[in-house]
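# Fold and geometry: a report
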Amino acid sequence: MRQEVKSKMSVTKEELMQQTWREQVVELTDGLSQPVYFSDTRPNHVIITNLSDAALYVSFDSAVSQTLYQYIVAPGATKVIAKPTPFYNIFVIRYSPRGVVNVFSYLGEFTAASVAQTLDTTAQQNIQIGEVAVSQLPPLPSGLNTIGRVDVTTLPPLPPGNSKIGIVGLDDSVDFDGGLSNFKTGVMTVTATATSVKIGASPMTKRKQLIMLPPSDGTIYWGSDPGVTASTGIPLSAGDGNVTFDIKPSSNMTIYAVSDGTDRVIKLIEGA
C-alpha cells in the first residue's frame, strides 16, 4: 500500500494582510468621477482618509455623484469600507479643487466589526448643510435643553435704532466701586430685652458693614433671632475682640442683642 503525503503552506491572517497591504495617494479633479484601481491585489477592505475640504462620495459604480453614491466620507474623516468578497476597484468623486485622498487597501477576514465600520461615518465639525429658519423650528420640549453655543464676539452689529437684545438684571448688592464710601460711629445700650443692633433709630442706609465692640464690663449675647436670649445667643464679653458683620445691602440683615441682666453700653461702627 502506498501513502501519498501532500505538503501545504498555510498563511496566517496577519501575514495575508501584510502581503496585500497597499497605499495610494489620489488627487481628484473637481466634479470628475475617478477610479481607484488595485492592480496587483484584490482587497476586500479599503480605508479612505479624506484630506480635502469637501465631502468625498464613494461607490463601486462608475456613475458615482453627490446624489448617487454608496458611501460618503466627510472632510478630514477616515472611513473603512469592507465586503465579504474581493474587488478590483472603487470610484470616488469630490466637488472641491483642493486636497487629496489617502487610500489603504488589504485582503483580510470579513467580520462583524468590518460591517460596523463600513456602516459608520465619522461626524465632522464645521460642515455647512444650508440655512435654517430658527423662527420656523418647533418648540423644544419642557426641561433643560441645550441647542449649542453662540459666540457673541462674532455676531453682526445691531442695526441703528432702538434695538434690544434682552433684559439684564443687576443685583443692587454688587459693589462696583469696592470698599466703603461712608461710615459712622456711635453707642447703644443693650438691655435685658432683645433689640436690634444699630446706631440711632435705624441702621445706616445701604449698610454694608457693622462692627460691634464688646462692653467694658459684663456680657451681651447676640444673634439673628429677634427673641435672642442668654442661652441662645453668642456671648460677647468685656476683653473679647470686636465682631464684624459684612452685610448684603439688599438683604436687610438684622443683628439682635440682649444683656446679661444688667444694661451694657457697647460701641458700634456702621459703614456703607
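Here goes a summary of the coordinates provided. (Residues numbered from 1 in each chain as written. Predicted model: local features only at pLDDT ≥ 70, side-chain atom pairs only at ≥ 80, totals over all residues. Heavy atoms only, no water.)

## Quick notes on the overall build of the chain
Keep this limit in mind: Under the scheme used here, helices are H or I runs from DSSP no shorter than 4 residues and strands are E runs no shorter than 2 residues, and both carry numbers assigned from the N terminus. Only protein chains enter the accessibility calculation, which uses a 1.4 Å probe; a residue whose area is less than 20% of its type maximum is buried, one above 50% is exposed, and one in between is partly exposed. Residues count as neighbours in contact if any of their non-hydrogen atoms are within 4.5 Å of one another. Residue exposure ignores everything except the shown protein chains as possible cover, and the areas themselves are Shrake-Rupley values with a 1.4 Å probe.
When its secondary structure is counted, the chain shows two helices and 16 strands. Counting all 272 residues of the chain, 31% fall into the buried class. Partitioning the intrachain contacts of the chain with sequence separation of at least 6 by distance along the chain shows that 77% fall at a separation of at least 24. By element, 54% of the accessible surface of the chain is carried by carbon and sulfur atoms, the whole surface being about 18700 Å².

## Regarding the environment of Pro203
Tracing the chain through its elements places Pro203 in the loop between strand E10 (195-196) and strand E11 (209-212). A residue is classified by how much of its surface remains accessible, and Pro203, at 40% relative accessible area, is partly exposed. The spacing of Pro203 and Gly271 is 68 residues in sequence and 9.9 Å in space, taken between C-alpha atoms. Ignoring anything within four residues of it in the chain, the contact list for Pro203 reads Lys198 and Glu270.

## Side note on the environment of Lys248
Mapped onto the fold, Lys248 is located in the loop between strand E14 (243-246) and strand E15 (256-259). Accessibility expressed as a relative area gives 42% for Lys248, which makes it partly exposed. Residues Lys248 and Lys206, spaced 42 residues apart in sequence, show a C-alpha to C-alpha distance of 8.3 Å.

Shape descriptors only; they carry no functional weight alone.
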